[in-house]
Structure formats: structure tokens, C-alpha cells
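# Remarks on the overall topology
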Amino acid sequence: MRNCLLFLFASAICIFIAYNLYLFVMPSVKVVNQSGQILTRVEISLPSNNLVFDNIAPSKTARIHHSTDQADGEYAYRIRLSSGEYINGRCGSVTHDQYMKVLELTIDSEDKVSCIE
């Protein structure tokens, strides 16, 4: 019985480590809302994927990991604010097998978007 519990505990720790390593290695898009209003929908288009964020509250951050299997291209975004206004644009570059990359989109109080790769 004790060996079984030790095995289960060791397995749980290994799964936890593997999951966190996966999240560290896989590329992601992080959206930081400093606009003062709710971002009701944020769509990020990659060459081979689309990422969708819903309802990001003011002063909150959301993050989605995506596949490394991408064609070369750039990120395109379409952001809908709670006021009904849309913000569209492009920034950053995407390449095939790009690991540990985080694109951070920050929407400021003047509804301007800045990108940090």
C-alpha cells in the first residue's frame, strides 16, 4: 500500500512538471487590458490558427498558447471594446517551430495597442 501511494505521488509530481514545462515551451499570446473598459472580444489571427479571447476585464490579463506548426507570417488582431469600437492591426512575426515565444498585446487607456515580442 505504501509503495502504491509513493508511486501515485511521484506520478502526480511528474505530470505537474511535464505540464508546466509544456506551458513554458509552447508559444503564446498574452493580452493585457489597461484600457479602462471591458474587451468584449479579442481575435488574434495567425497564419495557421485563430485565437479568441472573450470578456477581458479592465486591469486583467489573459493568455492562450498556440501550435508551433505555423506558416511564416504575422499576427493580426481585431479587438472589440465594450463601447462598440473596434481596433484592428498587425504586429509581430510568426515562424514555423518557434518555441518559448510570447507576444504581448497591451491596450492602453487611449485605446492604442502596443506589441512586445
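Residues numbered from 1 in each chain as written. Predicted model: local features only at pLDDT ≥ 70, side-chain atom pairs only at ≥ 80, totals over all residues. Heavy atoms only, no water.

A separate point is the packing of aromatic side chains. Considering all chains together, one arrives at 0 aromatic pairs under this definition. Sitting over the face of the ring of tyrosine 86, arginine 78 holds its NZ or CZ atom 4.0 Å from the ring centroid. (Phe/Tyr/Trp six-rings, centres within 6.5 Å; stacked < 30°, edge-to-face > 60°. Lys NZ or Arg CZ within 6 Å of the ring centre and 35° of its normal.)

What follows deals with the sheet that holds strand β2 (residues 39-45). Strands sit in the order β3-β2-β5-β6 across an open sheet of 4 strands; the sheet is antiparallel. In this open sheet, the two edge strands, each paired with only one partner strand, are β3 (50-56) and β6 (86-94). In this sheet, neighbouring strand axes are inclined to one another by 15° on average, regardless of whether the strands run parallel or antiparallel. Relative to β3, β2 is paired through 6 bridges, and the arrangement is antiparallel. Paired with glutamate 43 across the bridge in β3 is valine 52. (Pairing = 2+ DSSP bridges. Helix = DSSP H or I, 4+ residues; strand = E, 2+ residues; numbered from the N terminus. Axes fitted to C-alpha atoms, helices over the stretch in contact; angles between N-to-C directions.)

With that out of the way, let us pick up the nonpolar core. Judged by nonpolar contacts, the single largest core of 20 residues is most densely connected at Val31, Leu39, Val42, Ile44, Phe53 and Ile79. Every element with two or more residues in this core is listed here: β1 (28-33), β2, β3, β5 (73-81), β6 and β7 (102-107). Aside from chain neighbours lying at most four places away, what touches leucine 39 is Val31, Asn33, Asp54, Asn55, Ile56, Ile79, Arg80, Leu81 and Ile107. (Core = buried A, V, L, I, M, F, W, Y, C linked by side-chain atoms within 4.5 Å. Buried < 20%, exposed > 50% of the residue type's maximum accessible area, 1.4 Å probe, protein only. Contact = heavy atoms within 4.5 Å.)

This part covers the state of the cysteines. Under the definition given, this model contains 1 disulfide. Between cysteine 4, a cysteine without a disulfide, and cysteine 14, which holds the nearest cysteine sulfur, the sulfur-to-sulfur distance is 15 Å. Residue classification places cysteine 4 among the partly exposed positions, given a relative accessible area of 43%. (Disulfide = S-S within 2.5 Å.)

This part covers the sheet that holds β1. Strand order in the open sheet made by the 4 strands is β4-β1-β7-β8, with mixed pairing throughout. Both outer strands of the open sheet, β4 (61-65) and β8 (113-116), are each paired with one neighbouring strand and no more. The sheet shows a mean angle of 15° between the axes of neighbouring strands, direction not considered. In this sheet, β8 lies alongside β7 in antiparallel orientation, the contact comprising 4 bridges. Bridge pairing in β8 places threonine 106 opposite serine 114.

Another point: a nonpolar patch on the surface. There is a patch of nonpolar side chains on the surface, built from Phe9, Ile13, Phe16 and Ile17 and spanning about 440 Å² of accessible area. Along the chain, isoleucine 17 falls in helix α1 (residues 2-25). Judged by relative accessible area, isoleucine 17 falls into the exposed class, the value being 51%. (Patch = residues over 30% accessible without salt bridge, like charges linked within 9 Å, V, L, I, M, F, W, Y side chains within 5 Å. Areas by Shrake-Rupley, 256 points an atom, 1.4 Å probe, with all protein chains shown as cover. Salt bridge = Lys/Arg side-chain N within 4 Å of Asp/Glu carboxyl O.)

Bringing the side chain of glutamine 37 into the picture now. In this fold, glutamine 37 is placed in the loop between β1 and β2. On the accessibility criterion, glutamine 37 (17% relative accessible area) is buried. In this structure the side chain of glutamine 37 is engaged in a polar contact, spanning 3.0 Å, whose partner is the backbone nitrogen of serine 83. In this structure, glutamine 37 is in contact with Ile56, Pro58, Leu81, Ser82, Ser83 and Asp111, ignoring residues within four places of it in sequence. (Polar contact = N/O pair within 3.5 Å; in protein donor to acceptor, adjacent residues only side chain to side chain.)

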